[in-house]
Amino acid sequence: MPKTFHQYLVLCKPRVVVLIVFTAVVGMFLAVPGWPPLSAVLAGTLGIALAASSAAAINHLLDRRTDAKMKRTRNRPLATGKLTKQNVFVFALSLGALAMLLLLVWVNALTAVLTFLSLIGYAVIYTAWLKRATPQNIVIGGAAGAAPPVLGWTAVTGSLDPQALLLFLIIFTWTPPHFWALAIYRKEEYALVDIPMLPVTHGAAFTRLQILLYTILLVIVTTLPFLTGMSGLVYLAGVSVLNIGFMWYALRMMRSKDILLPMHTFAFSITYLMVLFIFLLVDHYFVNLML
């Protein structure tokens, strides 16, 4: 892989974008009883992926100074000088413009507008303001990260639906315990660059309690698809196992001072979300086959 191409790929945060696109695609399939239109799936997936990549590149641009000081991010292309601000600005703007064009022309205006708002929410409101303004940054800013399944839903239906908003609520509730686990592990780095993540402002013990409380809330929220009739017993069985696992990690974090446990919890939370959406998808088509 050419070095320059690799640097631009790093700008896109591909691992994050894969999770975003995956939840968006599941949203597309959950939105209809049968198979969603192939054109909407392809154009919607590409448009959402490009918009997410654009937001990631803008995040690199705005965070370039703090990235250079943090161990986790100091090897990023802007932090090392392998790419210039002008390079990244043009790249991010091009991806964003192409994403909007794709969504407007080949998907629908609603998806384009919601995707644009999500891009601005993460790349500008969260990164440029919220991240440094309040220890509740990840809670408020989590709205942008929770949008992908809604975008997928609107891409194939052209309208919002309460069930799509329920998918949004699941990711919105999942985000704080997911990210705060990482923030505990990286507490000293965030303190070094004066970013008021919750473990920096309120301490690790308080953050561990918040992780537990949000995990309890997550258990309740992730049961709603079954309680509202959106999903059936297949989903309920699967999500119950996942919730037992997440609660086990959250309770362990309350009792254990193992310095690696927060990272194990962070890694599990990613698997948790992906498998939860797989259970939603499997249950959706299982129920339809039974009808």
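Along every chain, residues carry numbers that run from 1 in the direction the sequence is written. With pLDDT at 70 or above as the cut-off, local features in this predicted model cover only qualifying residues; side-chain atom pairs require 80 or more to be listed or tallied, and sums for whole chains, interfaces and linings still use all residues. In computing side-chain properties, one takes all heavy atoms of the structure into account and sets aside hydrogens as well as water.

Engineer: Can you help me understand the overall build of the chain in this one?
Structural biologist: A count of helical and extended segments in the chain gives 15 helices and zero strands. Its C-alpha atoms give the chain a radius of gyration of 19 Å, within 12% of the compact-globule value 19 Å for 291 residues. Based on the C-alpha atoms only, the size of the chain along its principal axes is roughly 55 × 50 × 35 Å. Buried means the residue's accessible area, taken with a 1.4 Å probe over protein chains only, is under 20% of the maximum for its type, while exposed means over 50%, and partly exposed covers the values in between. The burial tally for the chain puts 52% of its 291 residues in the buried class. Contacts between residues were defined by any pair of non-hydrogen atoms, one from each residue, lying within 4.5 Å. Here the analysis covers contacts within the chain between residues at least 6 apart in sequence; of these, 74% occur between residues at least 24 apart. In the structure as shown, the chain presents an accessible area of about 13400 Å², 72% of it carried by carbon and sulfur atoms. Counting 20 positive and 8 negative side-chain charges, the chain places the averaged centre of each group 8 Å from the other. Only DSSP runs of H or I with at least four residues qualify as helices, and only runs of E with at least two residues qualify as strands; both kinds are numbered from the N terminus onward. Note on method: radius of gyration uses C-alpha positions; expected globular size equals 2.2 Å times residues raised to 0.38. Throughout, the Shrake-Rupley method with a 1.4 Å probe supplies accessible areas, and for residues the shown protein chains are the sole cover considered. Just so you know, the count uses Lys and Arg for positive and Asp and Glu for negative, and it drops His and the chain ends. Charged side chains are reduced to one point each, which is NZ for Lys, CZ for Arg, CG for Asp and CD for Glu.

Engineer: Would you mind going over unusual backbone geometry with me for this structure?
Structural biologist: Backbone phi values are negative for most residues with the exception of glycine, while trans is the configuration of most peptide bonds. At K13, a residue that is not glycine, the phi angle is positive and equals roughly 50 degrees. Mapped onto the elements, K13 comes out in the loop between α1 (3-11) and α2 (14-30). Classification of K13 as buried rests on a relative accessible area of 15%.

Engineer: Looking at this structure, how should I read the packing of helix α9 (residues 148-157) against helix α10 (residues 162-185)?
Structural biologist: Each pair of packed helices gets described by two things: the angle between the helix axes and the distance between those axes. Following both chains from N to C, one finds α9 and α10 inclined at 160 degrees, their axes separated by 8 Å at the closest point. Classified by the angle between their axes, α9 and α10 sit roughly antiparallel to one another. Seen along the crossing, α9 lies across α10 with a hand that is right-handed. Contacts between α9 and α10 involve P149, V150 and W153 from the first element and Q163, A164, L167, F168 and I171 from the second. Every axis corresponds to a line fitted to the C-alpha atoms, with the helix fit spanning only the stretch in contact, and the corresponding angles, defined between N-to-C directions, vary from 0 to 180 degrees. These descriptions rest on fixed angle ranges, namely under 35 degrees for roughly parallel, over 145 for roughly antiparallel, 65 to 115 for roughly perpendicular, and the rest for oblique. Each crossing gets its hand from how the near helix is turned against the far one by less than a right angle, where anticlockwise is left-handed and clockwise is right-handed.

Engineer: I would appreciate a short explanation of the environment of L261 in the present structure.
Structural biologist: Note that L261 resides in helix α15 (residues 261-290). With residues near it in sequence (within four places) discarded, L261 still touches Y249, R252, M253 and S256.

Engineer: How should the nonpolar core be read in this particular structure?
Structural biologist: It is characteristic of soluble globular proteins that their nonpolar side chains tend to be buried jointly. In terms of nonpolar packing, the biggest core is built from 84 residues, with W174, Y272, L276 and F277 touching the most fellow members. Here the element with the most residues in this core is α10; it accounts for 12 residues. When sequence neighbours within four positions are dropped, the list of residues in contact with L276 reads I170, T222, Y235, V239 and L242. Definition used in this section: a nonpolar core is a set of buried Ala, Val, Leu, Ile, Met, Phe, Trp, Tyr and Cys residues joined via side-chain atoms within 4.5 Å.

Engineer: For this particular structure, what's the right way to read the packing of α10 against helix α13 (residues 204-227)?
Structural biologist: Contact geometry for α10 and α13: axes closest at 9 Å, N-to-C directions at 160 degrees. As far as their axial angle goes, α13 and α10 are roughly antiparallel. Both α10 and α13 take part in a crossing whose hand is left-handed.

Engineer: Would you mind showing me how to read the packing of aromatic side chains here?
Structural biologist: The geometry of an aromatic ring pair is captured by two quantities: the separation of the ring centres and the angle between the planes. Here is the rule: rings of Phe, Tyr and Trp (six-membered ring for Trp) pair when centre to centre is within 6.5 Å. Planes less than 30 degrees apart are stacked, more than 60 are edge-to-face, and the remainder are tilted. Enumeration over the complete set of coordinates arrives at 12 aromatic pairs. Each ring, one from F29 and one from Y285, has its centre 6.3 Å from the other, and the planes form 65 degrees; the classification is edge-to-face. Pair noted here: F29 is in helix α2 and Y285 is in helix α15, with a separation of 256 residues, a long-range link.

Engineer: Teacher, can you tell me more about the environment of T73 here?
Structural biologist: As for its position among the elements, T73 is in the loop between α4 (64-67) and α5 (77-80). For the pair T73 and V124, spaced 51 residues apart in sequence, the C-alpha to C-alpha distance is 19 Å. The contact partners of T73, leaving out residues within four places of it in the chain, are T66, D67 and A79.

Engineer: So what exactly am I meant to see when it comes to a nonpolar patch on the surface here?
Structural biologist: On the surface, a nonpolar cluster with roughly 470 Å² of combined accessible area is contributed by L209, L213, I216, L217, I220 and M254. When residues in the nonpolar patch are grouped by element, the largest group, five residues, is from α13. Patches draw on residues past 30% relative accessible area with no salt bridge. Two like charges within 9 Å are joined, as are two nonpolar side chains (Val, Leu, Ile, Met, Phe, Trp, Tyr) within 5 Å. By convention in these notes, a salt bridge is any Lys or Arg side-chain nitrogen within 4 Å of a carboxyl oxygen on Asp or Glu.

Engineer: What's the story with the side chain of T23 in this structure? I'm lost.
Structural biologist: Structurally, T23 can be placed in helix α2. Engagement of the side chain of T23 in a polar contact is seen with the backbone oxygen of I20, the distance being 2.9 Å. In the analysis that follows, any N or O atom pair within 3.5 Å is treated as a polar contact, provided that within protein one partner can donate a hydrogen and the other can accept it, and provided that, for residues neighboring in sequence, both atoms belong to side chains.

Engineer: Is there a simple way to explain helix α14 (residues 233-255) in this structure?
Structural biologist: Multiplying one less than the number of residues by 1.5 Å gives the expected span of a helix. An ideal rise of 1.5 Å per residue puts 33 Å on 23 residues; α14 measures up with 33 Å between its terminal C-alpha atoms. The set of residues buried in α14 consists of Y235, G238, V239, L242, N243, G245, F246, Y249, A250 and M253.

Engineer: Mind showing me how you'd approach α9 here?
Structural biologist: Side chains of residues three or four places apart in an α-helix project in the same direction, reflecting 3.6 residues per turn. When you tally the buried positions in α9, you get nine out of 10 residues, the bulk of the element. Every buried residue of α9 is listed here: P148, P149, V150, L151, G152, W153, T154, A155 and V156. Of the residues flanking the end of α9, it is G158, one or two places downstream, whose phi is positive at about 75 degrees.

Coordinates in, geometry out; function isn't part of it.
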